[in-house]
Every structure is written in C-alpha cells, then in structure tokens.
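Geometric and topological summary
Residues per chain are reported as follows:
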Amino acid sequence: CFIVFQGEGCRTVPLSGHVGFDSLPDQLVNKSVNHGFCFNILCVGETGLGKSTLMDTLFNTKFEGDPASHSQPGVQLKSNTYDLQESNVNLKLTIVSTVGFGDQINKEDSYKPIVEFIDAQFEAYLQEELKIRRVLHSYHDTRIHACLYFIAPTGHSLKSLDLVTMKKLDSKVNIIPIIAKSDAISKSELTKFKIKITSELVSNGVQIYQFPTDDESVAEINGTMNAHLPFAVIGSTEELKIGNKMMKARQYPWGTVQVENEAHCDFVKLREMLIRVNMEDLREQTHTRHYELYRRCKLEEMGFKDTDPDSKPFSLQETYEAKRNEFLGELQKKEEAMRQMFVQRVKEKEAELKEAEKELHEKFDRLKKLHQDEKKKLEDKKKSLDDEVNAFKQRKTAAELLQSQAQQAGGSQTLKRDKERKK
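Predicted, not measured: the structure shown is a model, and the values here were computed from it.

Turning our eyes to something else, we now look at the side chain of aspartate 56. Note on placement: aspartate 56 falls in helix H2 (residues 51–58). Engagement of the side chain of aspartate 56 in a polar contact is seen with the backbone nitrogen of phenylalanine 63, the distance being 3.0 Å. Contact partners of aspartate 56, with chain neighbours within four places excluded, come to Thr61, Lys62, Phe63 and Thr237.

Glancing now at the UniProt feature "coiled-coil region" (unreviewed entry) in the protein. The positions that UniProt labels "coiled-coil region" (unreviewed entry) are, in the present scheme, residues 339–395. In residues 339–395, the share of helix is 100% and the share of strand is 0%. The end C-alpha atoms are 82 Å apart.

What follows deals with the sheet that holds strand S9 (residues 239–242). Reading across from one edge, S9-S10-S11 is the order of the three strands in this open sheet, with antiparallel pairing throughout. With one partner strand each, in any of the chains shown, S9 and strand S11 (255–258) form the two edges of the open sheet. Adjacent strand axes in the sheet meet at a mean angle of 65 degrees, parallel and antiparallel pairs treated alike. With four bridges joining them, strand S10 (residues 245–252) and S11 adopt antiparallel strand pairing. The partner of arginine 250 across the bridge, within S11, is valine 257.

In this model, helix H1 (residues 24–35) (12 residues) spans 16 Å end to end at C-alpha, consistent with the 16 Å of a helix rising 1.5 Å per residue. Count one or two residues on from H1 and you reach glycine 36, which has phi positive near 90 degrees.

Attention now moves to a negative patch on the surface. Taken together, the side chains of Asp214, Asp215, Glu216 and Glu284 make up a negatively charged region of the molecular surface. With respect to the helices, strands and loops of the structure, aspartate 214 is situated in the loop between helix H5 (187–203) and helix H6 (216–226).

The mixed open sheet is built from six strands, whose spatial order is S4-S5-S3-S6-S7-S8. Sheet topology places strand S4 (76–86) and strand S8 (231–232) at the edges, where each strand pairs with a single neighbour. Alignment of strand S3 (residues 37–44) against strand S6 (residues 146–151), held across four bridges, turns out to be parallel. In the sheet register, leucine 42 faces S6, and the bridge partner there is cysteine 147.

By the assigned domains, the protein splits into domain 1 (30–302) and domain 2 (318–389). Of note, the centres of domain 1 and domain 2, computed from C-alpha atoms alone, are 69 Å apart.

This brings us to the packing of helix H3 (residues 112–129) against helix H8 (residues 279–301). Axis separation between H3 and H8 bottoms out at 10 Å; the angle between their running directions is 80 degrees. Looking at the two axes, H3 sits roughly perpendicular to H8. Contact residues: H3 offers Asp119, Phe122, Glu123, Tyr125, Leu126 and Glu129, while H8 offers Thr286, His287, His290, Tyr291, Tyr294, Arg295 and Lys298.

Moving on, we get to the side chain of serine 182. Checked against the element boundaries, serine 182 lands in the loop between strand S7 (175–179) and H5. The class of serine 182 is buried, set by a relative accessible area of 3%. Excluding residues that lie within four positions of it along the chain, serine 182 makes contacts with Leu190, Ala232, Val233, Ile234 and Cys265.

Now for the environment of proline 212. Relative to the elements of secondary structure, proline 212 occurs in the loop between H5 and H6. Looking at proline 212, the relative accessible area reads 16%, which means it is buried. Considering only alpha carbons, one finds proline 212 and glycine 50, 162 residues apart in sequence, at a separation of 28 Å. In contact with proline 212, other than residues within four places in its own chain, are Val218, Asn222, Asn278 and Asp281.

About the thresholds
- Residues numbered from 1 in each chain as written.
- Predicted model: local features only at pLDDT ≥ 70, side-chain atom pairs only at ≥ 80, totals over all residues.
- Heavy atoms only, no water.
- Helix = DSSP H or I, 4+ residues; strand = E, 2+ residues; numbered from the N terminus.
- Polar contact = N/O pair within 3.5 Å; in protein donor to acceptor, adjacent residues only side chain to side chain.
- Contact = heavy atoms within 4.5 Å.
- UniProt positions renumbered as here; feature names shortened; annotations may be inferred.
- Pairing = 2+ DSSP bridges.
- Axes fitted to C-alpha atoms, helices over the stretch in contact; angles between N-to-C directions.
- Expected span 1.5 Å × (residues − 1).
- Patch = residues over 30% accessible without salt bridge, like charges linked within 9 Å, V, L, I, M, F, W, Y side chains within 5 Å.
- Areas by Shrake-Rupley, 256 points an atom, 1.4 Å probe, with all protein chains shown as cover.
- Salt bridge = Lys/Arg side-chain N within 4 Å of Asp/Glu carboxyl O.
- Lys, Arg positive; Asp, Glu negative; His and termini not counted.
- Charge placed at Lys NZ, Arg CZ, Asp CG, Glu CD.
- Domains from an automatic or database assignment.
- Parallel < 35°, antiparallel > 145°, perpendicular 65-115°, else oblique.
- Buried < 20%, exposed > 50% of the residue type's maximum accessible area, 1.4 Å probe, protein only.

Take a look at the structure:
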C-alpha cells in the first residue's frame, strides 16, 4: 500500500508494481552495522560485591582494572571504554564503576557524585546538540544506558543507602537491580529476599526499569523476566570441566556452582535481557525518557518554552532576545552596583587619606613647636655662655692689666733702690 497526504488526512492507494522501499530496514541495518554501536553501563554497589567479575563474565573477556580498596575518602567514578567486535558488529562499551561506594562512615552524600556524573554526560550531549555545527554522527555518546545496582546478599532487606541512591537515580537512568553473589544465601531465603526487595522498592516509590512488553516479538519473554526481578547472579571467569564441557563455574568444598546454569542463578536471564534482547530499548529509553527530561528542565531553566501564556507557539528568536535583554539588564545592574561600590570605596579611601594627612600635619606642627622650643633653649644657653665668656675675658684683661701695673711698679722701685746705693 501507499499513503498519500491530503491536508490533515491521508488515504491508502494500491501499488501496481514493486517500488523498492521495502529495503529500508536492510538499509538501516547496514548503516548501523557500518557505523557501529555504543553501550554504557554504570555499576553501582559496595566494594567487594563482584562488579568487575560480573562484567568480565557478561562479555566473556578480561577487562583491565585494579581491585579497589576500602579506604577511599569519598565516592569516585571510574570510566573505562573498550572496543569490542563480535562477527561483523562493533560495539564501543563503556563501563563506569563507583569506587568507594558505601565505604565511608557518613554515607549521607554517597549518591551525589553518581548523580553529578550522570548529569555531566547529559550536559555534554546537550551542549553538542546546541552547537551550530553538530557532529552527532561521530560524537561519542557517554550517556548511561543501564545502571546495574548490586545488592548485598543479606537475605533481610534493602539498606537505607540502597533505597536512597536508587530513589535519586530512577529518574535519570534505567535501573536494573541485581542480587550479587547470590550463592551466599539458600534458595528459600533468596525467594523471600526477592519478594522483600520488590515490596520495599514499590513502597518507597522507586521506579526500576521494566523490560518492554509492547513489542509482540519479545512481549512474552520480557513479561516473564519482569517477574524475576531482581536477578540473582553469580560471576566467575574460572572455567571448570563439567561433564564433557568447559563451563564458567565456582568451585566450593561442598560442590560447584555453574554460572550459566539457570537452576543455580539468573546470570543467563540477565545476559539475555541486558544484551541480547533489550540493549536497543535501553539506549532508546535513555534518549527519549531520561535525556529528554533533563533537556526539558535545562531549557526551561534557561527560559525557553513551547508556548507563551496565550498557548501560542513560542518564538525561539523572541525568547533569545528576551533572555539577552534580561542578561544585559542584569549585567548593567551589576555594573552599576560595582560602580557605586567603587565610588564608595574611593570616598572611604579619600577620607582615610585626609585623616592620615591631618594626623601628619598635627604631628608636623608638634615637632615644629618642639624644635622651636629646643632651638630657643639652645640660643638662651648659648647667650648665657657668651656672657660668661665675655665676663671671663674682662676679668682676665683686668687681671693682666693689674699684673702689668704691678710689674711696672716693682721695676720702678728696683731702679730707685739702685740709684740710692750708687749715691
């Protein structure tokens, strides 16, 4: 059939021969295969729950990474990207682990670095979308597509840390809860534990990812698997010979746990749902649901809307001009406030300088008066000394005169006595 648009409606008309647009699915497949795919997994859980081992088991390889210690001062997110190839399909896989999650005494803010990391990936994609020249076809999309939340196999109930973290993440990422190291508890305890976890998630309003049932081809299997959540998994990279086959398993003194045996754990169910059936849906949900929510909130914060108060289409240019004018107005206000503050500080500085100048003048006057007083005292003392020197000189002159007169008188008497002797 062929659809022809006429105004708001359309009608179906028959084709008289083969046209060829039935090859569109094949074209899309070829284009996607040539371009390759990306998939990003966030592993959230306490240290020692086997996150790295499970990733190695899921993708049947050995990813690089050092064991994390329990002495981290805070939660750090470590991201590693790998290029994988299976048949002719290339997959750029990014695994993000939460190093130090749950190791601190105060776990109140343990979820914040995770939320900030997820938002940072959304923001990077949004900034790429807002560029004039976009290169989204070659852009490395780092948005988290699936969050595997590892639950400790306590067999009792979820920890407050788990409930708080999942509640903060459920609107930002597709959460798939899994019970790690599920061979640590018995089957009867495991069944009760799953029911308890599901009940607590529902009562606390935590929205976990539900495998889609709207596609008839996967509706039955996804509906069945939704009832098995959370998955109880075991990871192992060690291969043991069981029967005539080499299988991934864990050897214990009491027996062997087979990773890929559905009677032992839900590892096969997790691999089927995560990789083989719903990987594309996880990618689509990330873009259409979580990223769109983030994008809408960010654009609304920037003042962009779809309609104005009169329910009319909102002009992007008008919004931009309004925000630009608002920004310029705020900038002018800040500039005026800074100018006023500068003037005020200049006045205060001038007042301080005038006060300092006044103090300097007063100090100068005091020193000048003190100098004049000291000078006058010195002049008076000098005059007194001069008077004493003059008086001394006068006394000395008088004494010398008297002495001279006395010598003359003595000489006259001596001459007189000599004359008398001669007679």
